[in-house]
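So you can see what is in the structure, the chains are spelled out below.
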Amino acid sequence: VQLQASGGGLVQSGSSLRLSCEVSGRDYRSYSVGWFRQAPGKEREFVTYKSYRDGKTYYVDSVRGRFTISRNEARNMVYLQMNNLRPDDTANYYCAASPYYSYSDLTSTIKWTNWGQGTLVTVSS
């Protein structure tokens, strides 16, 4: 499975932005999809996932209620809608795929096996 993220940019605090991730490869529908981010000088952190098995989603507390992950299998696309952006959302955002589907696996970074390149989101105050 290959992933290609896009859609980052410079926005003001309170703005919205939608990231896109094109997913390709055999059996990609049998992979859960998710987004991670890495701020300057910090470790990569989990943001959200959507399980391929039951479609359930999960969000890290800091983005819950502001970010929404969605998947359009007909178009091979995964999206991250980000609303009410804050300066601490500034980071490189990565889309990823995993053959796992449960909460315990998908909240573990090591269970994500396929990664796209990052797309930079910068939120100014």
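These numbers were taken from a predicted model, which means no experiment stands behind them. (Residues numbered from 1 in each chain as written. Predicted model: local features only at pLDDT ≥ 70, side-chain atom pairs only at ≥ 80, totals over all residues. Heavy atoms only, no water.)

Undergrad: Pulling in residues and values, what's your account of the state of the cysteines?
TA: If you walk through the whole model with that rule in mind, you get 1 disulfide. There is a disulfide in this structure between Cys-21 and Cys-95, and the S-S distance comes to 2.1 Å. In this structure, the disulfide formed by Cys-21 and Cys-95 twists by about 65° around the S-S bond and is classed as right-handed. Note that Cys-21 is positioned in strand S3 (residues 17-24) and Cys-95 in strand S9 (residues 91-98), a separation of 74 residues in sequence. Summarising the burial analysis for this pair, Cys-21 and Cys-95 share the class buried. (Disulfide = S-S within 2.5 Å. Helix = DSSP H or I, 4+ residues; strand = E, 2+ residues; numbered from the N terminus. Buried < 20%, exposed > 50% of the residue type's maximum accessible area, 1.4 Å probe, protein only.)

Undergrad: Tell me about the environment of Glu-45, and name the residues and values.
TA: Mapped onto the elements of the fold, Glu-45 is located in strand S5 (residues 45-50). Contacts of Glu-45, omitting those with residues within four sequence positions, involve Phe-36 and Arg-37. Only 2.6 Å separates the side chain of Glu-45 from the side chain of Arg-37, close enough to count as a polar contact. (Contact = heavy atoms within 4.5 Å. Polar contact = N/O pair within 3.5 Å; in protein donor to acceptor, adjacent residues only side chain to side chain.)

Undergrad: A description of the nonpolar core should follow, citing residues and the corresponding values.
TA: Among the nonpolar cores identified, the biggest contains 28 residues, and Leu-19, Trp-35, Phe-67, Met-82 and Tyr-93 are the most heavily contacted of them. Secondary structure elements with two or more residues in this core: strand S1 (2-6), S3, strand S4 (32-38), strand S7 (67-72), strand S8 (77-82), S9 and strand S11 (119-124). Residues contacting Phe-67, with those up to four places away along its chain left out, are Arg-37, Val-47, Tyr-59, Leu-80, Gln-81, Met-82, Asn-83, Leu-85, Asp-89 and Tyr-93. With 6 residues, the next largest nonpolar core counts Phe-46, Tyr-49, Ala-96 and Leu-106 among its residues. (Core = buried A, V, L, I, M, F, W, Y, C linked by side-chain atoms within 4.5 Å.)

Undergrad: Residue-level account of the side chain of Asp-105, with values.
TA: Relative to the elements of secondary structure, Asp-105 occurs in helix H1 (residues 103-106). Of the residues examined, Asp-105 reaches a relative accessible area of 17% and is grouped as buried. If near-sequence neighbours (up to four positions away) are discounted, Asp-105 is found in contact with Tyr-100 and Lys-111.

Undergrad: Go over the pattern of salt bridges with me, naming the residues and quoting the values.
TA: Tallying each qualifying case throughout the model produces 8 salt bridges. The salt bridge partner of Asp-89 is Arg-37, with a shortest N-O separation of 2.9 Å. Within this pair, whereas Asp-89 is found in the loop between S8 and S9, its partner Arg-37 is found in strand S4, the two being separated by 52 residues in sequence. The two residues Asp-89 and Arg-37 agree in class, both being buried. Linking Asp-88 and Arg-86 is a salt bridge whose minimum nitrogen-to-oxygen distance equals 3.2 Å. Under the relative-accessibility criterion, Asp-88 is labelled exposed at 52%. Note on Arg-86: relative accessible area 32%, which makes it partly exposed. Taken together, the shared-partner salt bridges connect Arg-37, Glu-45, Arg-66 and Asp-89 into one network. (Salt bridge = Lys/Arg side-chain N within 4 Å of Asp/Glu carboxyl O.)

Undergrad: Report on the pairing of S9, specifying residues and quantitative values.
TA: Counting buried positions over the 8 residues of S9 gives 7, a clear majority of the element. In this sheet, S9 lies alongside S4 in antiparallel orientation, the contact comprising 7 bridges. Residue pairing for S9: Arg-37 is matched across the bridge by Tyr-93. Relative to strand S10 (residues 114-115), S9 runs antiparallel, the two sharing 2 bridges. Looking at the pairing, Ala-97 lines up with Asn-114 of S10. (Pairing = 2+ DSSP bridges.)

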